[in-house]
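# Fold and geometry: a report
These are the residues of each chain, in order.
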Amino acid sequence: MVEDDAGVSDSLALILRNLGHEVISYSDAESLFRAGMPEPADAVIVDLSLPGIPGAQLVRWLLGLAAPPRVVVITGQSQGFIDHQLRGLKPSWLVRKPLDVEAITRALPVG
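Presented here is an overview of the structure given in this document. (Residues numbered from 1 in each chain as written. Predicted model: local features only at pLDDT ≥ 70, side-chain atom pairs only at ≥ 80, totals over all residues. Heavy atoms only, no water.)

## What about the pairing of strand S2 (residues 70-75)?
Residues in a regular strand project their side chains so that they alternate between the two faces of the sheet. To be explicit about the condition: The classification of residues rests on relative accessible area computed with a 1.4 Å probe and restricted to protein chains. Under 20% of the type maximum is buried, over 50% is exposed, and intermediate values are partly exposed. Secondary structure counts use DSSP, requiring at least four H or I residues in a row for a helix and at least two E residues in a row for a strand, with both numbered from the N terminus. Paired strands, as defined in this entry, are two strands with at least two bridges between them according to DSSP. A crossover counts as right-handed when, viewed with the strands pointing away from the observer, the path leading from the first strand over the helix to the second turns clockwise.
Within S2, five of the six residues are buried, which leaves it mostly tucked inside the rest of the structure. Taken together, the five bridges between strand S1 (residues 43-47) and S2 define a ladder with parallel strand orientation. Looking across to S2, one finds that Ile45 is bridged to Val72. Taking the sense of rotation as the criterion, the β-α-β connection linking S1, helix H3 (residues 55-63) and S2 turns out right-handed. Strand direction decides the pairing type here: S2 and strand S3 (residues 93-96), joined by four bridges, are parallel. Note that in S3 the partner of Val72 across the bridge is Trp93.

## Brief notes about the layout of surface pockets
The criterion, for reference: Here a cavity is any set of points on a 1 Å grid over the protein atoms alone where a 1.4 Å probe fits but cannot get out, and a pocket is any open set with protein on both sides within 12 Å along at least 5 of 7 lines; a residue lines the site when it has an atom within 4 Å of a point. Grid points are joined across faces, edges and corners, and a volume is the space filled by probe spheres set on the points. Each residue gets one of three labels, nonpolar for Ala, Val, Leu, Ile, Met, Phe, Trp, Tyr, Cys and Pro, charged for Asp, Glu, Lys and Arg, and polar for the others, Gly among them.
Approximately 480 Å³ is the volume attributed to the largest pocket. What lines the largest pocket is a set of 19 residues, among which Met1, Glu22, Ile24, Asp42 and Ala43 lie closest to the centre. Of all the secondary-structure elements, those providing two or more residues to the lining of the largest pocket are helix H2 (29-35) and S1. In terms of residue count, the dominant contributor to the lining of the largest pocket is S1 (three residues). Split by residue class, the lining of the largest pocket holds 14 nonpolar, two polar and three charged.

By themselves these figures say nothing about function.
Okay, here's the thing in structure tokens:
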């Protein structure tokens, strides 16, 4: 997961672990890049509003991989902002903030 807000990251990690997922958290795209490429079987949750490299650019990079992971976008931004940022991109799922356990479960079912 790539989320710069520590509270959101902690809450989301707790929800995902309770659903049986292994969770690795990064506060920015650069940290994810340093960690290495995600595997095709992975799911990467990306906040659209990241410091440094923007979330939409990270989504574009992930979806452009030869074998992309499942990409789930999370954001608290307006629909206009989302449409502008994700123009031409097709992430697997979009989850709106504030976090909703049911929406997260639909995006990433029990592991």
